[in-house]
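Each chain, letter by letter, is given below.
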Amino acid sequence: MAAPSARVPLSPYDLFDREIRLVGSKSFAYSFERALGLLAAGAVDTATLVSHRLPLPAYPEALTVLRSGDCRKVQVVPGLG
């Protein structure tokens, strides 16, 4: 978390030239414990959260899938395979 007054120097040219995608996300204080409670109660179907599970040696493929945008969550699992 950063203070509301925090600023970051940013080069719009670098974003364009290096094809950088800048995405913000927000977290809420004290939401982690509630989320764990929902998971423990079975209120969330976690099977649909991860769209791809790949073994560690397939890490380059996992990055390709992630960059394609054709996924929900890509999980790299050591020992899978």
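As a reminder, the structure under discussion sits directly above these lines.
Criteria and cut-off values
Residues numbered from 1 in each chain as written. Predicted model: local features only at pLDDT ≥ 70, side-chain atom pairs only at ≥ 80, totals over all residues. Heavy atoms only, no water. Pairing = 2+ DSSP bridges. Helix = DSSP H or I, 4+ residues; strand = E, 2+ residues; numbered from the N terminus. Right-handed = clockwise from strand over helix to strand, strands pointing away. Buried < 20%, exposed > 50% of the residue type's maximum accessible area, 1.4 Å probe, protein only. Phe/Tyr/Trp six-rings, centres within 6.5 Å; stacked < 30°, edge-to-face > 60°.

Brief notes about the pairing of strand β2 (residues 74–77)
Where strand β1 (residues 52–55) and β2 come together, four bridges link them in parallel fashion. For H52, the partnering residue across the bridge sits in β2 and is V74. A crossover links β1 with its parallel partner β2, the connecting element being helix α3 (residues 59–68), and its sense is right-handed.

Things to note about the environment of P78
Considering the arrangement of structural elements, one finds P78 in the segment after β2. On the basis of relative accessible area, P78 is assigned to the exposed category, the value being 59%. When the C-alpha atoms of P78 and A41 are compared, they prove to be 28 Å apart, with 37 residues separating the residues in sequence.

Details of unusual backbone geometry
Positioned with a positive phi, E19 is a non-glycine residue whose angle comes to about 50 degrees. Within the secondary structure, E19 sits in the loop between α1 (12–17) and α2 (31–40).

Details of the packing of aromatic side chains
In this structure the tally under the stated criterion is one aromatic pair. Measuring from ring centre to ring centre gives 6.3 Å for Y13 and F16, while their planes differ by 55 degrees; the resulting arrangement is tilted. Here F16 and Y13 lie together in helix α1, a separation of three residues that amounts to about one turn.

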